[in-house]
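In case you want the letters, here they are:
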Amino acid sequence: MVVDDSRMVELQMKNLLEDTDYEIVAYCRNGEDSIDTYGQIHPDLVTMDIIMPGMDGLETAQAILEKYPDAKIIMVSSLAYEDTFDEAKTIGAKGFLDKPFDRERLLATFEQALAE
């Protein structure tokens, strides 16, 4: 499941995951929708943008993980500050991707998160 308010990220993810074993089962543009959607489909993995309107990605990840402690969430952001990494880890995120990212880093981060 991809959570990001940018249509460009949706297209980029689709392109990068083409011809892989990964499939985007849902796309959400905000945190509120992603919490409901997660509860309906229970995806294997979630990529979560940090900066979004309404609930930010850190708040959303925390809400999902409180309800579904086994959720595997990878935080995605162009604002890669050390304190943001630390907060994401404290919440329980399984990984962190800096934007822009390439296919190799995306797949490696997915594999690492799913192995935990």
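Residues numbered from 1 in each chain as written. Predicted model: local features only at pLDDT ≥ 70, side-chain atom pairs only at ≥ 80, totals over all residues. Heavy atoms only, no water.

Engineer: How do you make sense of the pattern of salt bridges when you look at a structure like this?
Structural biologist: Pairing between side chains of opposite charge can happen when the charged atoms of each approach one another. Within the structure shown, the criterion is met by six salt bridges. A salt bridge links lysine 14 to glutamate 10, with the shortest nitrogen-to-oxygen separation between them at 3.7 Å. Of this pair, lysine 14 and glutamate 10 both sit in helix H1 (residues 7–17), four residues apart, which is roughly one turn of that helix. A residue is classified by how much of its surface remains accessible, and lysine 14, at 44% relative accessible area, is partly exposed. Glutamate 10 is paired through a salt bridge with arginine 29; the nearest N and O atoms lie 3.4 Å apart. Within this pair, whereas glutamate 10 is found in helix H1, its partner arginine 29 is found in the loop between strand S2 (27–28) and helix H2 (31–41), the two being separated by 19 residues in sequence. Where salt bridges share partners, they join Arg7, Glu10, Lys14 and Arg29 into one cluster. (Salt bridge = Lys/Arg side-chain N within 4 Å of Asp/Glu carboxyl O. Helix = DSSP H or I, 4+ residues; strand = E, 2+ residues; numbered from the N terminus. Buried < 20%, exposed > 50% of the residue type's maximum accessible area, 1.4 Å probe, protein only.)

Engineer: Help me understand helix H5 (residues 103–115), please; the structure alone is not making it clear to me.
Structural biologist: For an α-helix, 3.6 residues make a turn, and residues three or four places apart therefore share a direction. With 13 residues, H5 should reach 18 Å at 1.5 Å per residue; the first-to-last C-alpha distance of 18 Å fits that figure. Turning to H5, the residues buried within the fold contact H1, strand S3 (46–49), strand S4 (73–77) and strand S5 (95–98). A side-chain oxygen of the first residue of H5 lies 3.3 Å from the backbone nitrogen of glutamate 104; this N-cap is aspartate 102. (Expected span 1.5 Å × (residues − 1). Contact = heavy atoms within 4.5 Å. Polar contact = N/O pair within 3.5 Å; in protein donor to acceptor, adjacent residues only side chain to side chain.)

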